[in-house]
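Examination of the molecular architecture
The chain contents come next:
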Amino acid sequence: MDIQLLKTAFNKLLTSAYFDKNNLVMRRRVAEFAKRITSEEQEDAVFRSILSVINGNDNALLSRWLDEMQLMFYPKSIVKEERDEHIVTNILDDVAKIKRVIVRCDIPVELLIIDVAWILEYGYTIDAQLDDKICYANRLELCDDKTKGVKKGNAFFKRYHKQYHRWWQNGLDIANKHLKEGDNISIITFDVRNCYHSVNIDFNVLREYISSLKENVDFNNEPLTKTVWKIYERYWELTSHSNVNIFSGELHGRHVLPLDLFSAQIIANWYLSSIDNYLLNTHTDRILYYGRYVDDCMLVTTTQSSSINNIIESIEEEIPGLFRRKEGDDAEVVFQFADNQNRGNLSIGDNNHLSELIIQKDKLYLYRFDCQLPQTSIEQIEEELKEKSSEFRFLTDDIDNRKSSLEFATLIEALDPARESGRRFNILENNSYKLSIFLSKLANRLVYYPEKQRLIDELEKVYKYFHDSMLIENYLLWERLLTIFVLGGRMEYVEDFRKKVNIAIEALQISEGLSEDPDNFKQLIKNSLHRHLDESLLMAQSLAPHNGINMIYHDTYMVRMHYNRYPLQEFLHDFVSRGAKLQTYNLNYDMERMDYRWMPYYIKFFDIACVLSLTRPQSKKIYENAYKIYLKLNKINDADNKSYLESFMYKTKHNGIDSVEFNTSLSDNICESPITVAIAEIDIKEDYAINAIQNFGTVITDKVYDMQKILDLVSTIRNADIFILPELALPIYELREYCQY
C-alpha cells in the first residue's frame, strides 16, 4: 500500500464526519487534522508518518495514538416519573435521571484513517457478499462490479434514508400485495439489545473468512490488518477495565464492537448475517419477506394461526425454532436456533455466536392481519414511515400551515409510546422525529426571513419549550436549537440556553446499578455532554461568526453549508465575517479559496458554473473552466479525468465503457419503471411577471417566498422523479435551493 490509499481514506472520513450529526467530537478532531495538511508538504509528511506506523516502523507513535483513545458516555434513556395516565401535563422533572447510556469512543484521526483504509483494501469484500435485498444498513457504495471495491470520490456508505426506506417499504409492499390477493399475513419485528456491545468477535474466524474472499494475502502477517486489530484490542482493554454495567457480568471480557470504528459496522453485518442465513434457508415456504437494518429485523409471513397466546408461543406458530425464553429468566428472549452443542469451536456459518444475544423485549412484536378486514393499521404505519424516511424531510414547509407550528410538534411528542398503556402499530416511529423535522424547517426559513414575526414567535416557543430534564433527553438537538437562535438573531437566547444546559448537566443523576463507581461514572457522562455542548455551540456560532470564536470550522469548510442562500457561498470574501446572512451585494467570490485541498463534501458542477456566470459573460469557456475547478475540488486526479468525463457525459453507455465510478452508481440512472412527474399549476399575475423581469438578479423576499411555496406544493408528491414548475424566470441565487428539492 502507499500514501495515496491513506489520502483516499481521509477524504472519505472527512465527508462522513461532515455529515455526521451525532459524533461531534470526531467532527472536531477531523477538522483539526484537515487544518494540519493545508499544503502538499505537510500533507505528504503526515500521511508518510501514518504509513510508517502501519509498516511497523514507529511503534512508539502507534502506542501514543492508542493511549489517546478514551470512552465517552451519553444518555440513551431517561427515567420517566410514574404518573397517572389520565393526567396530562407539560411540567417536567427538574432533574434528568439517566437510566441507560450509549457508549462511544474518542479515537485519534490517524487511527480512523487506518481503519477506513482497511475497508478500502480488504473490508469491502465482506460487504460485497451481503444480499442487497436483505441487509440494508451500513452498506458501502461499491462499484457496479463489486470486485473493484468502493467507488472513487468521497462516496463511502450509502445514504441512510434511502436504505432505511427500502428496508421497511419492501416489506410493507409485499404484505399489502398478499393481503389484496386474499392471504392473511403476519409481521414480526425484533432487534438485539445493546447489539454492538453484546457481540463477541473472534478475529481468527473473521480472518479465515476474509482469507476465503481475498486470495494470496497472508492476513496473519498483513501489516494493515495487524494495525487495525491493535485498535480493537485497545478498545477491548478500555471496556474490560470499565466499571460500567454494560461491560460487567456475562458481558465482561467480550470482544465487542466500537460504534465509532467504520469497520465495526461492516463486521456487525457479517456477524449478524447468520440470522439471515438461518431464516432464508429453513423457512422459505413461510417467509414472504425478510429484511435487516443492522439488528432491527422485519419478517412478513403467511399467517399460520389465529390464536392469541403469549408473544413467544405465537411467534413459534409462525416461525418454529426462532426464539425461546432464557432458562431461569422469563424476561429474556434468545435465539433458539443458535443453541449449538459445539460451543467454543465456532466455524464460518455456525450460529453459536448468536446464542448469548438478547432480544429487546419492548421491540418484539407480532402483528396479524386478516385480509377480510380494513387495513387501516398497516396504511397508517406506511404513511408514518414514508414521512420519516422522505428525502424532503429536512426541507422547507409552509410555515403558515398550522401543522408546522410548535404546538403540533409538541402534541406529537406528548404521545410518547413509553407512557401508553397499549401499543399501536407504530413500533418503528420515533415520536421526537417530528419535532426534529420542525426544527430543521424552522432553521431553513429563518435564513430567508430572520425578522418575520410569525417565525420569531415560533423561535420563542422553542426557547421556552426546552427546559430541565428535556434538555438532557434531547442533547442531540442542541446544535439545531442553537442554530435556530443564531439564525434568528437572538444571541441572548444562545447564551442563556448554554447556561441552562450547563445547569442541567451538573444536576443530572444516574440510576442505581449503572456503575460500581457512580460518582466517577456520573462525572464521565457530564464531561461527554459538556464537550458535545461546546461543539454544538461552535458550529452554530460559525453561521454568524463574531470576534473571539474559534474559526476551525470556517478554515476547513466544515460549517453547515446547507443553510447558505447562494451557490458556493463559502467561497465568498465576506463569508467569514457574515456567515449565512449574506446579501446579493456581497457576492464577491474569492477564486483563490477554490484551491483548498480537502473539501469535506461533493461540489456540484452546476454550482461552480453559476459562480462563474455571475462574474463574466456567458460563453463555452465558463463550462470548461467550471469543469477544471470541479475536478480539483472533488480530488479527481488526471488519470481518472478522461474516463470520468466519458461517464459524466454518456451515462447511458456505461456498459460499453471501462469507466471509473464516482459517488453515484451509473446503473441507478437507468429508468426501469414508470416515472412520477410532479406538476405545480398556479396562476401568475401579469404585473408579478413584469416585476420579476425588471428586477432580475435582485433578492426580493416575496419572490423567494413565492418560489418556496411552489416547491412546497411540488414536494408533497411522494417519490417524484421530475418536477415541472410554472413558466417563470428562475434567478441564479434561487437555483441552489431549487436543486435541493
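A brief structural summary. Given the structure is predicted, the values throughout are model-derived calculations rather than measurements. (Residues numbered from 1 in each chain as written. Predicted model: local features only at pLDDT ≥ 70, side-chain atom pairs only at ≥ 80, totals over all residues. Heavy atoms only, no water.)

1. Digging into the overall build of the protein chain
Put simply, the rule reads: In this text, helices come from DSSP runs of H or I with a minimum length of four residues, and strands from runs of E with a minimum of two, each type numbered from the N-terminal end. Type-normalised accessible area, obtained with a 1.4 Å probe on protein chains alone, sets the label of each residue: buried when under 20%, exposed when over 50%, and partly exposed for intermediate values. Here, two residues are considered to be in contact whenever any of their heavy atoms come within 4.5 Å of each other. Each accessible area value is a Shrake-Rupley result obtained with a 1.4 Å probe; residue values ignore everything except the protein chains displayed when judging cover.
When helices and strands are tallied, the protein chain shows 26 helices and 11 strands. Counting all 741 residues of the protein chain, 53% fall into the buried class. Intrachain contacts of the protein chain at a sequence separation of at least 6 include 70% that bridge at least 24 residues. For the protein chain, the exposed surface amounts to about 34100 Å²; the carbon and sulfur share of it is 47%.

2. What about the sheet that holds strand E4 (residues 287–293)?
This is how the line gets drawn: Here the rule is simple: two strands pair whenever DSSP picks up at least two bridges between them. Interaxial angle, 0 to 180 degrees, is taken between N-to-C directions of lines fitted to C-alpha atoms, where a helix line uses only the stretch in contact.
Sheet architecture is open: four strands sit in the order E4-E5-E3-E8, paired in antiparallel fashion. Two strands close off the open sheet at either side, each with one partner strand: E4 and strand E8 (365–369). Between one strand and the next, the sheet's axes are offset by a mean angle of 10°, whatever the strand orientation. Two strands pair when backbone bridges link them, and E4 and strand E5 (residues 296–302) are joined in this way by six bridges, in the antiparallel orientation. By the bridge assignment for E5, Ile 287 is matched with Thr 301. Its contacts with the sheet place helix H6 (residues 160–180) against strand E3 (185–191), E4, E5 and E8, and it is angled at close to 165° to E4. Against the sheet, helix H10 (residues 311–318) contacts E3, E5 and E8, and its axis sits at roughly 55° relative to E8.

3. Looking at the sheet that holds strand E1 (residues 70–78)
Pairing is mixed in the open sheet, where three strands are placed in the order E1-E2-E9. Looking at strand neighbours, the two that pair on one side only are E1 and strand E9 (509–510), the edges of this open sheet. Where E1 meets strand E2 (residues 97–106), eight bridges bridge the pair, whose relative direction is antiparallel. When the bridges of E2 are listed, Gln 70 appears paired with Asp 106. Relative to the sheet, helix H8 (residues 223–240) contacts E1 and E2, its axis offset from that of E1 by approximately 60°.

4. Comments concerning unusual backbone geometry
Located in the positive-phi region is Asn 216, a residue other than glycine, with phi close to 65°. Take Asn 216: it is sitting in the loop between helix H7 (203–213) and H8. Positive phi is not limited to glycine here, since Asp 468 has a value of about 50°. By relative accessible area, which is 30% here, Asp 468 ends up partly exposed.

5. Topic: the nonpolar core
Counted only if it meets this: What is meant by a nonpolar core is a set of buried Ala, Val, Leu, Ile, Met, Phe, Trp, Tyr and Cys residues, joined one to another through side-chain atoms within 4.5 Å.
Formed by 211 residues in total, the largest nonpolar core has its most connected members in Phe 10, Leu 322, Phe 335 and Phe 466. Here this core takes 14 residues from helix H5 (residues 109–128), the largest share from any one element. The residues touching Leu 322, leaving out its near neighbours within four places in the chain, are Phe 190, Tyr 278, Leu 279, Leu 299, Ile 315, Glu 316, Val 334, Phe 335, Gln 336 and Phe 337.

6. A look at the pattern of salt bridges
Applied cut-off: Each reported salt bridge corresponds to a side-chain nitrogen of Lys or Arg within 4 Å of a carboxyl oxygen of Asp or Glu.
Enumeration according to the criterion identifies 32 salt bridges in this entry. A salt bridge links Glu 110 to Arg 36; its shortest N-O distance comes to 3.1 Å. Remark: Arg 36 occurs in helix H2 (residues 24–36) and Glu 110 occurs in helix H5; sequence separation between them is 74 residues. In this structure Glu 110 comes out as buried when scored by relative accessible area, which is 10%. Arg 36 sits in the partly exposed class, given a relative accessible area of 40%. A single salt-bridge network, built from bridges that share partners, covers Lys 7, Glu 40, Glu 43, Asp 44 and Arg 597.

7. Brief notes about a positive patch on the surface
Heads up, the rule is: Patch membership requires more than 30% relative accessible area and the absence of a salt bridge. Residues of like charge join within 9 Å; the nonpolar side chains Val, Leu, Ile, Met, Phe, Trp and Tyr join within 5 Å. Charge assignment: positive for Lys and Arg, negative for Asp and Glu; neither His nor the chain ends contribute. Charge positions come from single atoms, namely NZ of Lys, CZ of Arg, CG of Asp or CD of Glu.
On the surface, a cluster of positive charge is made up of Lys 76, Lys 99, Arg 100 and Lys 361. Judged by its relative accessible area of 33%, Arg 100 is partly exposed.

8. Focus on the packing of helix H16 (residues 478–487) against helix H18 (residues 518–541)
As a reminder, the rule being used: Note on convention: the crossing is left-handed when the near helix lies turned anticlockwise from the far helix by less than a right angle, right-handed when the turn is clockwise. Ten residue types, Ala, Val, Leu, Ile, Met, Phe, Trp, Tyr, Cys and Pro, are classed as nonpolar, four, Asp, Glu, Lys and Arg, as charged, and the remainder, Gly among them, as polar.
Where H16 meets H18, the closest approach of the two axes is 8 Å, and the angle between their N-to-C directions is 35°. Seen from above, H16 lies across H18 with right-handed handedness. Two secondary-structure elements touch here, H16 through Trp 478, Glu 479, Leu 482, Thr 483 and Val 486 and H18 through Leu 529, His 532, Leu 533, Ser 536, Leu 537, Met 539, Ala 540 and Gln 541. In the contact of H16 with H18, the residues fall into eight nonpolar, four polar and one charged.

9. Quick notes on the packing of aromatic side chains
In plain terms, the rule: Only the six-membered ring of Trp is used, alongside the rings of Phe and Tyr, when aromatic pairs are assigned; centres must lie within 6.5 Å, and planes under 30 degrees apart are stacked while those over 60 apart are edge-to-face, with the rest tilted. Charges are assigned to positions over rings by a cutoff of 6 Å between ring centre and Lys NZ or Arg CZ, combined with an angular limit of 35 degrees from the ring normal.
A full pass over the atoms with the stated rule returns 44 aromatic pairs. A ring pair is formed by Tyr 164 and Trp 167, whose centres lie 5.5 Å apart and whose planes are at 55°; its orientation type is tilted. Taken together, the residues span about one helical turn, with Tyr 164 and Trp 167 both in helix H6 at a distance of three residues. An identical accessibility class is assigned to Tyr 164 and Trp 167; each is buried. Site record: aromatic cluster; members linked through ring pairs are Trp 118, Phe 203, Trp 229, Tyr 232 and Trp 236. Positioned over the ring face of Tyr 553 is Arg 27, at 5.2 Å from the centre of the ring.

10. With respect to helix H3 (residues 40–54)
We count it as follows: Here a helix's expected span is defined as the number of its residues, less one, multiplied by 1.5 Å.
When the terminal C-alpha atoms of H3 are compared, their 21 Å separation across 15 residues agrees well with the 21 Å that a helix rising 1.5 Å per residue should span. On its buried face, H3 is in contact with helix H1 (3–19), H2, helix H4 (59–68), H5 and H8. Where H3 terminates, the next one or two residues include Gly 56, which has phi positive at roughly 80°.

11. Points about a nonpolar patch on the surface
Residues Ile 675, Val 677, Ile 679 and Ile 722 make up a contiguous nonpolar surface patch of about 340 Å² in total accessible area. Mapped onto the elements of the fold, Ile 675 is located in the loop between helix H23 (638–649) and strand E10 (677–679). Under the relative-accessibility criterion, Ile 675 is labelled partly exposed at 44%.

12. Considering the side chain of Glu 332
As a reminder, the rule being used: Definition of a polar contact: a pair of N or O atoms within 3.5 Å, with one able to donate and the other able to accept a hydrogen when the atoms are protein atoms, and with sequence-neighbouring residues admitted only if both atoms are side-chain atoms.
Here Glu 332 is to be found in strand E7 (residues 329–335). A distance of 3.3 Å separates a polar atom in the side chain of Glu 332 from a polar atom in the side chain of Arg 193. When sequence neighbours within four positions are dropped, the list of residues in contact with Glu 332 reads Arg 193, Arg 324, Arg 325, Lys 326 and Ile 358.

13. Observations regarding the side chain of Ser 314
Here Ser 314 lies in helix H10. With a relative accessible area of 3%, Ser 314 lands in the buried category. Each residue touching Ser 314, except ones within four places of it in the same chain, is listed here: Ser 307, Ile 308, Asn 309, Leu 366 and Arg 368.

14. Looking at helix H14 (residues 453–465)
In this model H14 runs 18 Å from its N-terminal to its C-terminal C-alpha over 13 residues, within 8% of the 18 Å that 1.5 Å per residue would give. Within the span of H14, buried status applies to Leu 455, Ile 456, Glu 458, Leu 459, Val 462, Tyr 463 and Tyr 465.

15. What about the packing of H1 against H5?
Where we set the bar: Roughly parallel means an angle under 35 degrees; roughly antiparallel means over 145; roughly perpendicular covers 65 to 115; every other angle is labelled oblique.
Look at H1 against H5: their axes get within 8 Å of each other, and the N-to-C directions meet at 105°. Considering the angle they form, H1 stands roughly perpendicular to H5. Touching Leu 5, Leu 6, Thr 8, Ala 9, Phe 10, Lys 12 and Leu 13 of H1 are Val 109, Leu 112, Ile 113, Val 116, Ala 117, Leu 120 and Glu 121, all from H5. Looking at the contact of H1 with H5, its residues break down into 11 nonpolar, one polar and two charged.

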